[in-house]
Amino acid sequence: MEFSIKSGNPEKQRSACIVVGVFEPRRLSPVAEQLDKISEGYISSLLRRGDLEGKTGQMLLLHQVPGVLSERVLLVGCGKERELDERQYKQIITKTIETLNESGSMEAVCFLTELHVKGRDIYWKVRQAVEATQASRYRFNKFKTRKKEPRRPLRKIVFNVPTRRELSVGEKAVQHGVAVAYGTKICRDVANMPPNYCNPSYLGEQAKELAEKHDKISVSLIDEQQMADEGMNSYLAVVRGAKNEGLMSIIDYRGANDPNAKPIVLLGKGMTFDAGGISLKPGEAMDEMKYDMCGAAAVLGVMNTVAELNLPLNVIGVLVGAENMPDGDAYRPGDILTTMSGQTVEVLNTDAEGRLVLCDALTYVERYNPDSVIDVATLTGACVIALGHHTSGLLSNHNPLAHELQNASEQADDKAWRLPLYDEYKEQLDSSFADMANIGGRPGGTITAAAFLSRFAKKYNWAHLDIAGTAWKSGKDKGATGRPVPLLSQFLINRANNESNDS
Ligand code: BES
Ligand code: MN
Ligand code: ZN
């Protein structure tokens, strides 16, 4: 898909389709008004006749409108003018792209970016339009032998900005939007792969592919033998029951002017299948546990975005690849593990495996002397109960880092909400026999899981994103969402902007 920015009059556009907004009830947007004038009231006469009320998402496609140079005019219902918010804006863009794909217009000039969205500037509107466009075109077809594609798909879209002064910020928004959307697509593609293809070594191959594409990325793989040498016994306990070997893929991006500048480390839980182990999960919807690697998929996507935008930062992405299976050799409830940090853990439930691989990965990355470490994990079912499917959980041992992530989340409209990490919760992890247990009971399950991780993240600023509810959708729209790629990309874009302001 080709995106560009223009600042022009609607009546001067010669395009396959020109897209303008209509508000409820039957009120033309300023741009639609201009088209109405040159068509000598043709559009307003249709509205008076009752063809379009202007409700959010309503579409009316017109052909050969008198006086208009473009072949088609798509009128898009935008709801009540003063109520247009982020969510409606994205819905409107998505619906528009779907309609254009079916209309046979292979290119379009879109004026919806000029609408007023409460509290959002032109950069935001263009960037979200690009991301929503790419998201609406996404299909995971790899395993369909008959692929359904639109006959004449949209190929080129121009977003209009109100004045020429906004052209450069619009272009920046397109560049960022394209890079974030591509990172999101990479995340979704890897996450949607079935677990008989996507295992820890598949994640390693994906990491290697990034290194081949981008000069500033190098990749190293830590296999089970190296983990044993490092004393990562907790990680190794989890993978022992699986035929597919555990593998940690380290993606090193050096983009900062100072190659020794402290890196930001992103850790992604990459449980390519979580059967629960000996604490076997119930059968219902167990297939969805192929998505237990969405943290790793997100890190992979973000690393691509960072490299594509050539951000002046050092970022290390770690895919913590593993599979959790029941087996005669699997680890069991009751086992006591000595983690890489030296702290001991009593396993009370083998299904709380994410924290057991992540804790050793958290210790492993101490060697990079990180500026901060952010882990991303489909860690707890409790997070789905606490926040549902719209908001990721955010927990941190460092308030400024938590605020940065919260801000990035709001800017990118990739929702996250902070949960507390008070010391009181840590007591729930007390064990009779080891330094801690791997579960803390039902109350505050997301918090006790994060409290567990925090014991391995004392040496640096650390944040944790629990994406159990947001990483994929179930039911008829089953599939990975690509979250939180937009949030993390925004966080890094902001860091890069601060970097260039400082120097
Ligand atoms: N990967 C799961 C968490 C999960 C479950 C994410 C359902 C999304 C949907 C994790 O490994 C797990 O099984 N967690 C347990 C922890 C419990 C045993 C303390 C859970 O949430 O039930
Ligand atoms: Mn589990
Ligand atoms: Zn899991």
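The structure displayed is predicted, hence computed values, not measured ones. (Residues numbered from 1 in each chain as written. Chains lettered and ligands numbered in written order. Predicted model: local features only at pLDDT ≥ 70, side-chain atom pairs only at ≥ 80, totals over all residues. Heavy atoms only, no water.)

Chemist: Please set out the overall build of the chain residue by residue, giving values where relevant.
Modeler: Tallying secondary structure elements over the chain gives 14 helices and 20 strands in all. Overall, the C-alpha framework of the chain stretches about 85 × 55 × 45 Å when taken along its three principal axes. Per-residue burial over the chain gives 59% buried out of 503 residues. Within the chain, counting contacts between residues at least 6 apart in sequence, those at least 24 apart form 78% of the total. Within the structure as shown, the chain displays about 21,500 Å² of accessible surface, and the carbon and sulfur contribution to it stands at 47%. In the chain, which carries 60 positive and 64 negative side-chain charges, the distance between the mean positions of the two groups comes to 8 Å. (Helix = DSSP H or I, 4+ residues; strand = E, 2+ residues; numbered from the N terminus. Buried < 20%, exposed > 50% of the residue type's maximum accessible area, 1.4 Å probe, protein only. Contact = heavy atoms within 4.5 Å. Areas by Shrake-Rupley, 256 points an atom, 1.4 Å probe, with all protein chains shown as cover. Lys, Arg positive; Asp, Glu negative; His and termini not counted. Charge placed at Lys NZ, Arg CZ, Asp CG, Glu CD.)

Chemist: Residues and numbers for the layout of surface pockets, please.
Modeler: Its volume calculated, the second largest pocket comes out at about 1,200 Å³. Contributing to the lining of the second largest pocket are 39 residues, with Lys281, Leu379, Thr380, Gly381 and Ala382 lying nearest its centre. Secondary structure elements with two or more residues in the lining of the second largest pocket: strand 10 (264-274), helix 11 (381-387), helix 13 (445-454) and strand 19 (472-473). (1 Å grid on protein atoms, 1.4 Å probe; cavity = no way out; pocket = protein on both sides within 12 Å on 5 of 7 lines; lining within 4 Å. Points joined across faces, edges and corners; volume = space filled by probe spheres on them.)

Chemist: Can you break down the coordination of the manganese ion (ligand 2) residue by residue, with the values?
Modeler: Of the protein atoms, only Asp274 (OD), Asp351 (O), Asp351 (OD) and Glu353 (OE) coordinate the manganese ion (ligand 2), at distances of 2.0 to 2.2 Å. One can describe the donor arrangement at the manganese ion (ligand 2) as irregular, given that its 6 donor atoms subtend angles of 69 to 167° at the metal. In the primary structure, the donors to the manganese ion (ligand 2) are separated according to the pattern D-x76-D-x1-E. (Donors = N, O, S within 2.8 Å, 3.2 Å for Na, K, Ca; no water. Tetrahedral: all angles 85-135°; square planar, octahedral: opposite > 155°, others 65-115°.)

Chemist: Before we move on, could you go through the coordination of the zinc ion (ligand 3) and cite the residues and values that matter?
Modeler: Around the zinc ion (ligand 3), the protein contributes the donor atoms Lys269 (NZ), Asp274 (OD), Asp292 (OD) and Glu353 (OE), which lie 2.0 to 2.4 Å from the metal centre. Here the zinc ion (ligand 3) is ringed by 6 donor atoms whose angles at the metal span 77 to 176°, and the overall shape comes out octahedral. One chain supplies every donor to the zinc ion (ligand 3), and in sequence these donors are spaced K-x4-D-x17-D-x60-E. A spacing of 3.1 Å is found between the zinc ion (ligand 3) and the manganese ion (ligand 2), which share Asp274 as a donor. Pair noted here: Lys269 is in strand 10 and Glu353 is in the loop between strand 13 (344-346) and helix 10 (354-364), with a separation of 84 residues, a long-range link. Take Lys269 and Glu353: they sit in the same class, and that class is buried.

Chemist: Would you mind going over the environment of Ala496 in detail, with residue names and values included?
Modeler: Tracing the sequence through the fold places Ala496 in helix 14 (residues 485-502). With relative accessibility at 4%, the residue Ala496 sits in the buried group. Note: C-alpha distance between Ala496 and Ala451 (45 residues apart in sequence) is 30 Å. Those residues in contact with Ala496, other than ones at most four positions away along the chain, are Leu311, Pro312 and Leu313.

Chemist: Requested: an account of the nonpolar core, with residues and values cited.
Modeler: Core analysis: the largest hydrophobic core is formed by 58 residues, its most contacted members being Ile251, Leu266, Leu405, Leu465, Leu488 and Leu492. Ignoring any residue separated from it by four or fewer positions in sequence, one finds Leu488 in contact with Leu266, Val302, Ile374, Val376, Leu405 and Leu465. Grouped together as the second largest cluster of nonpolar side chains are 48 residues, Val238, Leu358, Ala361 and Leu395 included. (Core = buried A, V, L, I, M, F, W, Y, C linked by side-chain atoms within 4.5 Å.)

Chemist: Break down the packing of helix 4 (residues 122-136) against helix 5 (residues 167-192) for me, with residues and values.
Modeler: As a packed pair, helix 4 and helix 5 sit with axes 8 Å apart at the nearest point and diverge in direction by 35°. Along this stretch, helix 4 crosses helix 5, giving a crossing that reads as right-handed. Contact residues: helix 4 offers Ile122, Tyr123, Val126, Arg127, Val130, Glu131, Gln134 and Ala135, while helix 5 offers Val169, Gly170, Lys172, Ala173, Val174, His176, Gly177, Val178, Val180, Ala181 and Arg188. Here the residues of the contact of helix 4 with helix 5 sort into 11 nonpolar, 4 polar and 4 charged. (Axes fitted to C-alpha atoms, helices over the stretch in contact; angles between N-to-C directions. Left-handed = near helix turned anticlockwise from the far one by under 90°. Nonpolar A, V, L, I, M, F, W, Y, C, P; charged D, E, K, R; others polar.)

Chemist: Quick rundown of the domain arrangement of the chain? Include the residues and the values.
Modeler: Considered domain by domain, the chain is made up of domain 1 (2-161) and domain 2 (182-498). Approximately 1,100 Å² of surface area, both sides summed, lies buried where domain 1 meets domain 2, with 47% of it carried by carbon and sulfur atoms. Per-residue buried area on domain 1 facing domain 2 is highest for Arg127, Tyr138 and Phe143; these three make up 47% of the total on that side. Run the count over domain 1 and domain 2 and you get 1 salt bridge. Note that Asp413 is salt-bridged to Lys90, the shortest N-O span being 2.9 Å. (Domains from an automatic or database assignment. Buried area = accessible area lost by both parts, 1.4 Å probe. Salt bridge = Lys/Arg side-chain N within 4 Å of Asp/Glu carboxyl O.)

Chemist: Kindly report on the sheet that holds strand 13, identifying the contributing residues and their values.
Modeler: Read across the open sheet, the 3 strands follow the order 12-13-17; overall the sheet is mixed. The open sheet has two free edges, formed respectively by strand 12 (336-338) and strand 17 (436-437), since each of these has just one partner strand. Of the pairings in the sheet, the one linking strand 12 to strand 13 comprises 3 bridges and is antiparallel in character. Residue pairing for strand 13: Leu337 is matched across the bridge by Val345. (Pairing = 2+ DSSP bridges.)

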